[in-house]
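Residue-level structure breakdown
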Amino acid sequence: DELPRGLRNKIWFVPNATRVSAEAILKVNEPGSYLVRPSSSQASSYVLTASLADSSVQHTLMRRRVRHLSTGASSDEYVLDIDGRERAFSSVELIANELSFVPIKRLEAEPQPPPA
């Protein structure tokens, strides 16, 4: 499947991340950081993985669906289940902004100095 426009160049989009590697990446970033990765179980969908204030990690499926407009055109939207309610967003980026997460700043742990 083709990536949504502009997603490929975002630092917070990690196309090869798995659930486990996403959690490792978030451990070296501040609480409230997020990344987006393709879903391994649902084609054309993504997962928003975010670190929470209590150091836990939350994985939220963002289902992609096509919305057909009255003009005959169509557009993609991304749907999340938030607190038992379905919410639709016009882009992946708007989801993270709406939920007040901050993008990851690095993909791996910084090198540690050698032991003294």
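For every chain, the first residue of its written sequence is number 1, and the numbers climb from 1 along that sequence. Thresholds applied to this predicted model are a pLDDT of at least 70 for local features of residues and 80 or more for the giving and counting of side-chain atom pairs; totals over whole chains, interfaces and linings are not thresholded and use all residues. Hydrogens are left out, water is left out, and the side-chain values use all remaining heavy atoms of the structure.

Turning our attention to the overall build of the chain. Secondary structure elements are defined from DSSP: runs of H or I of at least 4 residues count as helices, runs of E of at least 2 residues count as strands, and each element is numbered from the N terminus. Each helix and strand counted, the chain has two helices and six strands in total. Shrake-Rupley sampling with a 1.4 Å probe provides the accessible areas, and residues are treated as covered by the protein chains on show and by no other component. Here the chain has roughly 7,600 Å² of accessible surface; of this, 49% comes from carbon and sulfur atoms.

Let's shift gears to the environment of Ser41. For Ser41, the position within the fold is in the loop between β1 (33-38) and β2 (46-51). On the basis of relative accessible area, Ser41 is assigned to the exposed category, the value being 64%. Taking the C-alpha atoms as reference, Ser41 lies 9.8 Å from Leu61; in sequence the two are 20 residues apart. Relative accessibility under 20% of the residue-type maximum defines a buried residue, over 50% an exposed one, and the middle range a partly exposed one, all with a 1.4 Å probe and only protein chains included.

Of the residues making up helix α1 (residues 19-27), those classed as buried are Ala22, Ile25 and Leu26. Considered in projection along α1, the buried side chains sweep an arc of 95° and stay on one side of the axis. Residues Val20 and Lys27 are exposed on α1 and point more than 90 degrees away from its buried face. Note on definitions: a residue-residue contact is assigned when non-hydrogen atoms from the two residues lie within 4.5 Å. Residues of α1 that are buried sit in contact with β1, β2 and β3 (57-68). This arc describes the spread of directions from the helix axis toward the C-beta atoms.

One non-glycine residue, Ser44, lies in positive phi territory at about 65°. Mapping Ser44 onto the fold places it in the loop between β1 and β2. Given the relative accessible area of 24%, Ser44 is considered partly exposed. Positive phi is not limited to glycine here, since Ser55 has a value of about 75°. Relative to the assigned elements, Ser55 resides in the loop between β2 and β3.

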